[in-house]
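# Residue-level structure breakdown
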Amino acid sequence: MHCLRCHREIEPGHKSVALYMFAQTVGIRPRQKSTAQRISFCPQCSVSLAMGPPPEGALNMAAWDMMRELVGSDPALNHAAWEALSGINGLLPATGTEGERVPPQANGYFEF
Ligand SMILES: [Zn+2]
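Analysis parameters
Residues numbered from 1 in each chain as written. Predicted model: local features only at pLDDT ≥ 70, side-chain atom pairs only at ≥ 80, totals over all residues. Core = buried A, V, L, I, M, F, W, Y, C linked by C-beta atoms within 7 Å. Buried ≥ 20, exposed ≤ 12 C-beta atoms within 10 Å, placed from the backbone. Helix = DSSP H or I, 4+ residues; strand = E, 2+ residues; numbered from the N terminus. Axes fitted to C-alpha atoms, helices over the stretch in contact; angles between N-to-C directions. Parallel < 35°, antiparallel > 145°, perpendicular 65-115°, else oblique. Contact = placed C-beta atoms within 7 Å. Nonpolar A, V, L, I, M, F, W, Y, C, P; charged D, E, K, R; others polar. pLDDT = per-residue confidence, 0-100.

### Focus: the nonpolar core
As a rule of thumb, soluble globular proteins bury nonpolar side chains together. Judged by nonpolar contacts, the single largest core of 14 residues is most densely connected at Cys3, Phe41, Cys45, Val47, Ala50, Met67 and Val71. At four residues, helix H1 (residues 43–51) tops the list of elements feeding residues into this core.

The structure is reproduced here in structure tokens:
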């Protein structure tokens, strides 16, 4: 499991935000329901996204609203991000320098 935004590995049981998404038909028989997709964000990216400007796209906006709700309702997620930041080694590599290259589509907001 990796953070969708920074690709940092999220080990099972480690602090993260899981976003589940599924699709379901309405008013159509038989009713169909897709499998649920799980999207994970590390605490740092969760807080960063929630504090940042609104993204483009309806799905991204919906995810952004949920992230803001989590970050805004209790400081626990902020604290988890702060703890990770205090550990230093999880910082994003600067572009153009040594280190893992972040794909161009992964430098911004939610990607569905
Ligand atoms: Zn991340």
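### Observations regarding the packing of H1 against helix H2 (residues 58–73)
At a closest axis distance of 8 Å, the pairing of H1 and H2 adopts a crossing angle of 110°. Comparing the axis directions of H1 and H2 gives the class roughly perpendicular. Residues Ser46, Val47, Leu49 and Ala50 of H1 form the contact with H2, whose participating residues are Trp64, Met67, Arg68 and Val71. Per-class residue counts for the contact of H1 with H2 are six nonpolar, one polar and one charged.

### Remarks on the confidence of the model for the protein
Confidence along the protein averages 87 in pLDDT terms, with 78% of residues attaining 70 or more. The spread of mean pLDDT over the elements of the protein runs between helix H3 (residues 76–86), the lowest at 93, and H1, the highest at 97.

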